Amino acid sequence: MSGISSPKAHKKIGVAVISNPKGKILIDRRKSDGEMGGLWEFPGGKIEPGETVEECIEREIKEELDIEITVSDRLTTITHDYQTFTVTLYVHLCQYIRGKPQPIECEEIQWVDPFLMNQYQFPQANAKIINLLQQRGIKQ
Ligand SMILES: Nc1nc2c([nH]c(=O)n2[C@H]2C[C@H](O)[C@@H](COP(=O)(O)OP(=O)(O)OP(=O)(O)O)O2)c(=O)[nH]1
Ligand SMILES: [Mg+2]
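Residues numbered from 1 in each chain as written. Chains lettered and ligands numbered in written order. Predicted model: local features only at pLDDT ≥ 70, side-chain atom pairs only at ≥ 80, totals over all residues. Heavy atoms only, no water.

Remarks on the pattern of salt bridges
Okay, step 1: Under the defined criterion, the tally for this structure stands at eleven salt bridges.
Okay, step 2: We note a salt bridge from Glu-35 to Arg-30, for which the minimum N-O separation is 3.9 Å.
Okay, step 3: A salt bridge links Glu-41 to Arg-30; the nearest nitrogen and oxygen atoms lie 2.6 Å apart. Here Glu-41, found in strand E3 (residues 40–41), pairs with Arg-30, found in the loop between strand E2 (25–29) and E3; they are eleven residues apart in sequence, far enough to count as distant.
Okay, step 4: Owing to a relative accessible area of 25%, Arg-30 belongs among the partly exposed residues under this scheme.
Okay, step 5: Residues joined by salt bridges that share partners form a network here, namely Glu-48, Glu-51, Arg-59, Glu-60 and Glu-63. (Salt bridge = Lys/Arg side-chain N within 4 Å of Asp/Glu carboxyl O. Helix = DSSP H or I, 4+ residues; strand = E, 2+ residues; numbered from the N terminus. Buried < 20%, exposed > 50% of the residue type's maximum accessible area, 1.4 Å probe, protein only.)

What follows is the structure, given as structure tokens:
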């Protein structure tokens, strides 16, 4: 044990669970070269200073996918410790309104049934989101 360790970065992320009228949810695959490369995620990104979570989600979805959505209730908030940083995901349910999703910042996009999400590889922090979506699916 030696040396001074600087605290881990803590990223605060607005995350959109966008559903369409068929009950499918939009996921995107992260670029293969970056952090968590090639993993699937729910679209979203870093909350900027002065921004609400809802504003962040609307902005990120326009920037990343160029579609129009409605941001509804918070589904959950998850804090997860990765090896090199900590992340808090502020996850909101959202409804797809219009526009064809464009893979502007990602590798690819898919609409998936929540019960088929186990076939996709997501970051560790996402397990709870997927469980919640599957529980909701059963209740409906
Ligand atoms: N968007 C999104 N990010 C997620 C999910 N699960 C998860 O662990 N993350 C992590 C991965 C990234 O470290 C971070 C989001 O980073 P980002 O790459 O979308 O955001 P950003 O461009 O604003 O951030 P950065 O490149 O400046 O670090 O949150 C998820 O489902 N969606
Ligand atoms: Mg992002």
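Read on, since the account is not over.
What about the coordination of the magnesium ion (ligand 2)?
Okay, step 1: In the first shell of the magnesium ion (ligand 2), the protein supplies Gly-44 (O) and Glu-64 (OE), at 2.3 to 2.4 Å from the metal. Of this pair, Gly-44 sits in strand E4 (residues 44–46) while Glu-64 sits in helix H1 (residues 53–65); the two residues are 20 residues apart in sequence, bridging distant segments of the chain.
Okay, step 2: Assessed through its relative accessible area of 10%, Glu-64 is described here as buried. (Donors = N, O, S within 2.8 Å, 3.2 Å for Na, K, Ca; no water.)

Describing the UniProt feature "binding site: Mg(2+)" (unreviewed entry) in the protein
Okay, step 1: As annotated in UniProt, the feature "binding site: Mg(2+)" (unreviewed entry) corresponds to Gly-44 and Glu-64 in the numbering used here. Taking the farthest pair of C-alpha atoms as the criterion, the annotated set spanning 21 residues converges on one region, since that pair is 7.9 Å apart. Of the annotated residues named above, the ones that line the largest pocket are Gly-44 and Glu-64.
Okay, step 2: Those residues in contact with Gly-44 that lie beyond four places of it in its chain are Ile-13, Gly-14, Val-15, Glu-60 and Glu-64.
Okay, step 3: Sequence-distant contacts of Glu-64, defined by excluding residues within four places in its chain, comprise Pro-43, Gly-44, Gln-102, Pro-103, Ile-104 and Glu-105. (UniProt positions renumbered as here; feature names shortened; annotations may be inferred. 1 Å grid on protein atoms, 1.4 Å probe; cavity = no way out; pocket = protein on both sides within 12 Å on 5 of 7 lines; lining within 4 Å. Contact = heavy atoms within 4.5 Å.)

A closer look at the environment of Gly-137
Okay, step 1: Note on placement: Gly-137 falls in helix H2 (residues 127–139).
Okay, step 2: Considered as a pair, Gly-137 and Pro-114 are 23 residues apart in the sequence and their alpha carbons are 7.4 Å apart.

Some words on the site of ligand 1
Okay, step 1: What surrounds ligand 1 is a group of 17 residues, the closest being Glu-35, Phe-42, Lys-46, Tyr-82 and Asn-126.
Okay, step 2: Side-chain polar atom of Lys-46 to an oxygen atom of ligand 1: 2.5 Å apart, as the coordinates give it.
Okay, step 3: Contact between ligand 1 and Asn-126: an oxygen atom at 2.7 Å from a side-chain N or O atom of the residue.
Okay, step 4: Taken by itself ligand 1 offers 630 Å² of open surface, and the protein chains cover 80% of this. (Near = heavy atom within 4 Å. Polar contact = N/O pair within 3.5 Å; in protein donor to acceptor, adjacent residues only side chain to side chain. Areas by Shrake-Rupley, 256 points an atom, 1.4 Å probe, with all protein chains shown as cover.)

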